[in-house]
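Spelled out from the first residue to the last, the chains are:
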Amino acid sequence: MYKRQDPENEKLYGNRAACCEKLAASLWGPEKVGWLQCGVTDGRKATTLAPAWGKGHARLASACLSLAAHVVDCAWERDDYDEVGAARSMTQKTPRETCFSKSARDEAAAYKLESEVACRRALALDGSLSTCRANLAKLADDPSHRPAPPEAFGDLPYATDAALRDETAAQAHKAEGDAEEVVAAEKDITQAASGGRL
C-alpha cells in the first residue's frame, strides 16, 4: 500500500497522472486543462524519481498526448487564431492544416515530442507496454508530428523503430493467429458434417 505523504513514491505520481487524465476526459475548458497539466506534471515527477520504471514513462506519454490533443481542439480560443485559413480549409477535400493557431500548434508539437520520447523510453524499459505502441502509431499517423531527433533522448535508452519491429515476435504472433484459424475451420467442418450439410 502507498504511504499517503511519501514525496518519493514514483508509483503514487504515476497512478495519479493516469487518474488526472481519466478525470479530464469528461471535462472541458480550464478545468480540463488543469487536470491534464497536473497529469503531465505528475508523470514527469514519476520519471524523475524512477527513470528505470517503464510504466512511469508510459503515463507521462499518455498525459502529454491527451494535453496536445486538447490544445489543438481549443486552438480557436487563442488570440492568434487564423479564421480566414480555417474557412479556406473547409473548401478543401483534404486540408493540409487542421490547427489554425501558431501558438497552439507549437505547444501541441512540444507535448507530442515529449510523448514520443516518453513512449520510446518506456518501450526500451518494458517492451510489453501496448499503450505506448498505440501512442507511437497515433503519432506516426499525425501529419503535423515531426519525429524526435536522437539528441532528444539524451543518455537514457530508447526504442528505435527497428527495435520495435521484432520479426521473431511478429512471426510468433502470426503463427498463433494461423493456428486459431485452422482450429476454427476444423470446427466449422465438423459442425457442417454433423449437421449433414456436407
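Residues numbered from 1 in each chain as written. Predicted model: local features only at pLDDT ≥ 70, side-chain atom pairs only at ≥ 80, totals over all residues. Heavy atoms only, no water.

K.L.:
What am I meant to see in the overall build of the chain here?
P.N.:
Secondary structure assignment for the chain yields eight helices and zero strands. For the chain, the N- to C-terminal ordering of α and β elements is α-α-α-α-α-α-α-α. Counting across all 198 residues of the chain, residues that qualify as buried make up 31%. Considering only contacts within the chain whose residues lie at least 6 apart along the sequence, 65% involve residues at least 24 apart. Entry remark: accessible area of the chain is about 12700 Å², with carbon and sulfur atoms responsible for 55%. (Helix = DSSP H or I, 4+ residues; strand = E, 2+ residues; numbered from the N terminus. Buried < 20%, exposed > 50% of the residue type's maximum accessible area, 1.4 Å probe, protein only. Contact = heavy atoms within 4.5 Å. Areas by Shrake-Rupley, 256 points an atom, 1.4 Å probe, with all protein chains shown as cover.)

K.L.:
It is not clear to me how the packing of aromatic side chains should be interpreted in this structure. Could you clarify?
P.N.:
Think of a pair of aromatic rings as described by two things: how far the centres are apart, and how the planes are tilted against each other in angle. All told, the structure shown has one aromatic pair when counted by the stated rule. An angle of 10° between the planes, with centres 3.8 Å apart, marks the rings of phenylalanine 153 and tyrosine 158 as stacked. Between the NZ or CZ atom of lysine 11 and the centre of the ring of tryptophan 53, over which it lies, the distance is 5.6 Å. (Phe/Tyr/Trp six-rings, centres within 6.5 Å; stacked < 30°, edge-to-face > 60°. Lys NZ or Arg CZ within 6 Å of the ring centre and 35° of its normal.)

K.L.:
Explain the nonpolar core to me, please; I cannot follow it from the model alone.
P.N.:
Side chains of a nonpolar character, in soluble globular proteins, are inclined to be buried together. By size, the foremost hydrophobic cluster in this structure holds 23 residues, and its most contacted members are Val40, Leu67, Tyr111, Leu123, Leu129 and Cys132. Residue assignment for this core shows that the elements contributing at least two residues are helix 2 (30–49), helix 3 (54–73), helix 5 (102–125) and helix 6 (130–141). (Core = buried A, V, L, I, M, F, W, Y, C linked by side-chain atoms within 4.5 Å.)

K.L.:
Teacher, can you tell me more about the environment of cysteine 119 here?
P.N.:
For cysteine 119, the location among the structural elements is in helix 5. Taking relative accessible area as the criterion, cysteine 119 reaches 0% and is therefore assigned buried. Those residues within four positions of cysteine 119 in sequence are excluded, and the remaining contacts are Ala61, Cys132, Asn135 and Leu136.

K.L.:
Looking at this structure, how should I read the pattern of salt bridges?
P.N.:
Any two side chains of opposite charge can pair if their charged atoms end up close together. Applying the stated criterion across every chain yields a total of seven salt bridges. Here arginine 16 makes a salt bridge to aspartate 42, at a shortest N to O gap of 2.5 Å. Highlighted residues: arginine 16 in helix 1 (residues 10–24) and aspartate 42 in helix 2, separated in sequence by 26 residues. Take arginine 16: its relative accessible area is 41%, and that puts it in the partly exposed class. Judged by its relative accessible area of 4%, aspartate 42 falls in the buried class. Between lysine 102 and aspartate 106 there is a salt bridge whose closest N-O contact spans 2.8 Å. Taken together, the residues lysine 102 and aspartate 106, both in helix 5 and four residues apart, mark about one turn of the helix. Each of Glu116, Arg120 and Asp161 takes part in salt bridges that share partners, so that together they form one network. (Salt bridge = Lys/Arg side-chain N within 4 Å of Asp/Glu carboxyl O.)

K.L.:
Would you mind going over the environment of tyrosine 111 with me for this structure?
P.N.:
The residue tyrosine 111 is located in helix 5 in this model. If sequence neighbours within four positions are ignored, tyrosine 111 has contacts with Val40, Arg44, Cys64, Leu67 and Ala68.

K.L.:
Just to check I follow, could you spell out the side chain of arginine 120 for this structure?
P.N.:
Mapped onto the secondary structure, arginine 120 falls in helix 5. Separated by 2.9 Å, the side chain of arginine 120 and the backbone oxygen of alanine 159 make a polar contact. Ignoring anything within four residues of it in the chain, the contact list for arginine 120 reads Leu136, Phe153, Tyr158, Ala159, Thr160, Asp161 and Leu164. (Polar contact = N/O pair within 3.5 Å; in protein donor to acceptor, adjacent residues only side chain to side chain.)

K.L.:
Even after reading the chapter, I still don't get the environment of tyrosine 158, so can you show me in this structure?
P.N.:
Tracing the backbone through its elements, the reader meets tyrosine 158 in the loop between helix 6 and helix 7 (161–164). With relative accessibility at 29%, the residue tyrosine 158 sits in the partly exposed group. Contacts of tyrosine 158, omitting those with residues within four sequence positions, involve Arg120, Arg121, Ala124, Pro150 and Phe153.

K.L.:
Help me out: how do you make sense of helix 6 in this one?
P.N.:
Taking 1.5 Å per residue, twelve residues should reach 16 Å; helix 6 reaches 17 Å between its end C-alpha atoms and fits that length. For helix 6, the set of buried residues is Cys132, Asn135, Leu136 and Leu139. All buried residues of helix 6 project into a common sector of 100° when viewed along the axis, lining one side. In helix 6, the exposed positions angled more than 90 degrees off the buried face are occupied by Ser130, Lys138, Ala140 and Asp141. Buried residues in helix 6 make contact with helix 3, helix 5 and helix 7. (Expected span 1.5 Å × (residues − 1). Arc of directions from axis to C-beta.)

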